[in-house]
Amino acid sequence: MHLKKQVISKTKPLKGQHMFFISILLQLPLSAVSASWSVSYKPRSMCVFERSSVDFTCSFDYPYLNTLKTTKWFKLYQKQDGSQEGIFVYHSMASEIDQLYKDRTVYANQHKNCSLQLHNVSKSDRGKYFFRLETNYLGKFTGPGGIYLDIAVLPFRVTVTMQKENGHIHEGDSVTLRCSTETCTPQQGPFAWYKNQLLLPQATENELQISSVSHNDFGNYSCGLRNSRITSADEILLDVRYSPKNVEITILTSGKMEQGNSLTLICKSNANPAVTNYTWFKIRDANISSIGFDCEFSIKAASQKDDGQYFCTAKNDMGSQNSTIITLKVEVPTSNRHFLLTATAVFFFVIAVLLVLFGLIIRRKQITPKKLDTEQTPAVTVTEDIYENLRQSPESEESHTNLIYADLKLPSSNSERPRSNTQEGYAVIYSLLSYKE
C-alpha cells in the first residue's frame, strides 16, 4: 500500500505540472502556440564577383517550449565519388568552422535572424548553403532548399542577340547586347557600356537594347563595371549593314585648277559592305554623260573643255546613293594669258603695217607714170655710165623724193655712137626724181 501511495503521490505532482503548462499556453498568443520548425532564405540564388562580399538573408522559427542551443551554416559540396559532404561555414562553436572560412563570415546573432555575410569570395565558394538549428529536447531542423551561390569569373564578354536567326544585322533590326561572364551575370551595378572606347552615359544595366539599329550604331562595343575599367570586356563589333551614306567628291590637283595641271576626282562614301560599283557623270549644256566607273576619275592635263558639272554614284548590295554636284572650271594661267595678249597685239600690228604699205604701193603706181610722162630726159653721153639727176623745179617746200632705177636700151653697136659700158645693149641709168604731189 505504501508503494501504491508513493506512486500516487508521485503522479499527483505530474498532473499539477501539466495543468501549469496548460494555463501558461492559454495565456500565450495563438502565433506562439502554433509556431513550428521553419527557415526562410532570400534570395534563393546569387551571383557575385570574385573578391566581393555576399549577404545571405535568413530567418527561422521553432516550436515553443524549445530552447535554442546551436546554430550553424554549412555548404554542401560533391565529392569525387559522387557523394555529398558538408563543411561548416559558420558554427556557434567557433572551433567547428572549417579552416577555409575562418575570419571570413559574420553571423547576425539576433533573435530568429540567421543572416550571414561571406567576404572575399572565390571560385571555390561556389555551391549551395544551408542553415541548421538545434534546440533542447533533441530538436534539430535544417532549412530546405538553401541558397545557391555562383561566382562570376572575369573578364566580361558581350553577346549579341537579334530577332532574325543566322542572318546579318540590317538597319531597322532589333538588337540586344548582353554583358555577362563565363559563368553568370551579377546583378550588382551600375554597369558601364562603351562604344569605340567612349562611355555611353545612359547605359547602366547589364543589357543594352537597341530597338531599331541604324548605321550610326555600327561600331565596337564593350562593357564593364562603372569606375572600374579593369573588368571591361573585349570589344565586339556590331556589324550593321547599310547602303552608301554621305557620298561626296574630293578634288586633288597637282597645283591650282589651271590649264595643263592634272586633276583627280575621288568618290567617297560610308557604306557596309564596302561600295563595289562607282559611276561618274558629267553635265554640260544640259546633257548628262557617263564618263567613268572607278572610285577615282583622273584628268592628266586639264583644259577648258573639261569645264562642267560632275557627280558620282556609289552602290553596294544594300542600295546606292548619288553625291552632290560639283562645278569644275579650269582657269588659264596668267603667263599664258599675257602671251596670248602679246601675240594678238603683234598680229594686228603686222596686219596694220602691211595694209599701210599696200596702200602706199597702190598709190605710187597710180602717180609715177604721170610724172614720168611730164619729165624731159636730158641728153646722155654714152662714153660712160649715165648718172643724171633729173629734178623738177620745186613748186613748194613740201616735195617727195623717189629713187628710180630704169633700164634703157641703147642703139646697136654698128651705130655711130661709141659703145658704153653696158650689159647686152642696156645702160644703167640712176635718176633721182623729185616731184610734187
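### Considering the overall build of the protein chain
Counting secondary structure elements, the protein chain contains three helices and 29 strands. Across the 437 residues that make up the protein chain, the buried fraction comes to 32%. Of the roughly 28800 Å² of accessible surface on the protein chain, a fraction of 53% belongs to carbon and sulfur atoms.

### Quick word on the state of the cysteines
Taken as a whole and judged by the stated rule, the model has four disulfides. Between the sulfur atoms of Cys 47 and its disulfide mate Cys 184 the distance is 1.8 Å. As the torsion about the S-S bond is roughly 75 degrees, the Cys 47-Cys 184 disulfide counts as right-handed. In this pair, Cys 47 is assigned in strand 2 (residues 45-49) and Cys 184 in the loop between strand 13 (175-180) and strand 14 (191-195), connecting sequence segments 137 residues apart. Neither Cys 47 nor Cys 184 differs from the other in exposure class; each is buried. Taken in N- to C-terminal order, the disulfide-linked cysteines of the protein chain are connected 1-5, 2-3, 4-6, 7-8.

### A word on the pattern of salt bridges
Pairs can form between side chains of opposite charge whenever their charged atoms are close. In this structure the tally under the stated criterion is seven salt bridges. Arg 132 serves as the salt-bridge partner of Glu 134, at 3.7 Å between the closest nitrogen and oxygen. Overall, Glu 134 belongs to the buried group, its relative accessible area being 16%. What you see here is one network of salt bridges that share partners, running through Lys 72, Arg 132 and Glu 134.

### Details of the nonpolar core
Membership of the largest hydrophobic core comes to 28 residues, with the highest contact counts inside it found for Phe 56, Trp 73, Phe 131 and Leu 149. Of all elements in the fold, only strand 1 (38-42), strand 2, strand 3 (54-61), strand 4 (68-78), strand 5 (84-91), strand 7 (116-118), strand 8 (127-135) and strand 10 (147-152) reach the threshold of two or more residues within this core. Look past the residues within four positions of Leu 149 in its chain and what remains in contact with it is Met 46, Val 48, Val 54, Phe 56, Leu 118, Asp 125, Arg 126, Gly 127 and Tyr 129. Grouped together as the second largest cluster of nonpolar side chains are 22 residues, Phe 49, Val 175, Leu 177 and Phe 191 included.

### Here's the deal with the sheet that holds strand 7
Spatial strand order, 1-3-7-6: four strands in an open sheet with antiparallel pairing. If you trace the sheet from one side to the other, it starts and ends with strand 1 and strand 6 (105-107), each paired once. Ignoring which end each strand starts from, the neighbouring axes of this sheet average 20 degrees apart. Across three bridges, strand 6 lies against strand 7 in antiparallel orientation. Counted as the bridge partner of Tyr 107 is Leu 116 from strand 7.

### Overview of the packing of aromatic side chains
On inspection of all chains with the given rule, the structure shows 16 aromatic pairs. Put simply, the rings of Tyr 41, Phe 56, Phe 60, Tyr 62, Trp 73, Tyr 90, Tyr 107, Tyr 129 and Phe 131 pair up and form one aromatic cluster.

### Here's the deal with the sheet that holds strand 15 (residues 198-199)
Hydrogen bonds between backbone groups are what pair the strands of a sheet, and the pairing can be parallel or antiparallel. Ordered in space as 15-14-17-18, the four strands form an open sheet in which the pairing is antiparallel. With one partner strand each, in any of the chains shown, strand 15 and strand 18 (236-238) form the two edges of the open sheet. Here two bridges tie strand 14 to strand 15, and the two strands are oriented antiparallel to one another. From the neighbouring strand, Tyr 194 faces strand 15, where its bridge partner is Leu 199.

### A look at unusual backbone geometry
Omega for the peptide link from Lys 42 to Pro 43 comes to -10 degrees, which places this bond in the cis form. Topologically, Pro 43 is positioned in the loop between strand 1 and strand 2. A cis geometry characterises the amide bond from Leu 154 onward to Pro 155, with omega recorded as 10 degrees. A positive phi is found at Lys 112, a non-glycine position, where the angle reads about 55 degrees. For Lys 112, the position within the fold is in the loop between strand 6 and strand 7. A relative accessible area of 28% means that Lys 112 is categorised as partly exposed. Of note in this structure, Gln 197 is not a glycine but carries a positive phi near 70 degrees. Considering the arrangement of structural elements, one finds Gln 197 in the loop between strand 14 and strand 15. What makes Gln 197 exposed here is its relative accessible area of 58%.

How each quantity is defined
- Residues numbered from 1 in each chain as written.
- Predicted model: local features only at pLDDT ≥ 70, side-chain atom pairs only at ≥ 80, totals over all residues.
- Heavy atoms only, no water.
- Helix = DSSP H or I, 4+ residues; strand = E, 2+ residues; numbered from the N terminus.
- Buried < 20%, exposed > 50% of the residue type's maximum accessible area, 1.4 Å probe, protein only.
- Areas by Shrake-Rupley, 256 points an atom, 1.4 Å probe, with all protein chains shown as cover.
- Disulfide = S-S within 2.5 Å.
- Salt bridge = Lys/Arg side-chain N within 4 Å of Asp/Glu carboxyl O.
- Core = buried A, V, L, I, M, F, W, Y, C linked by side-chain atoms within 4.5 Å.
- Contact = heavy atoms within 4.5 Å.
- Pairing = 2+ DSSP bridges.
- Axes fitted to C-alpha atoms, helices over the stretch in contact; angles between N-to-C directions.
- Phe/Tyr/Trp six-rings, centres within 6.5 Å; stacked < 30°, edge-to-face > 60°.

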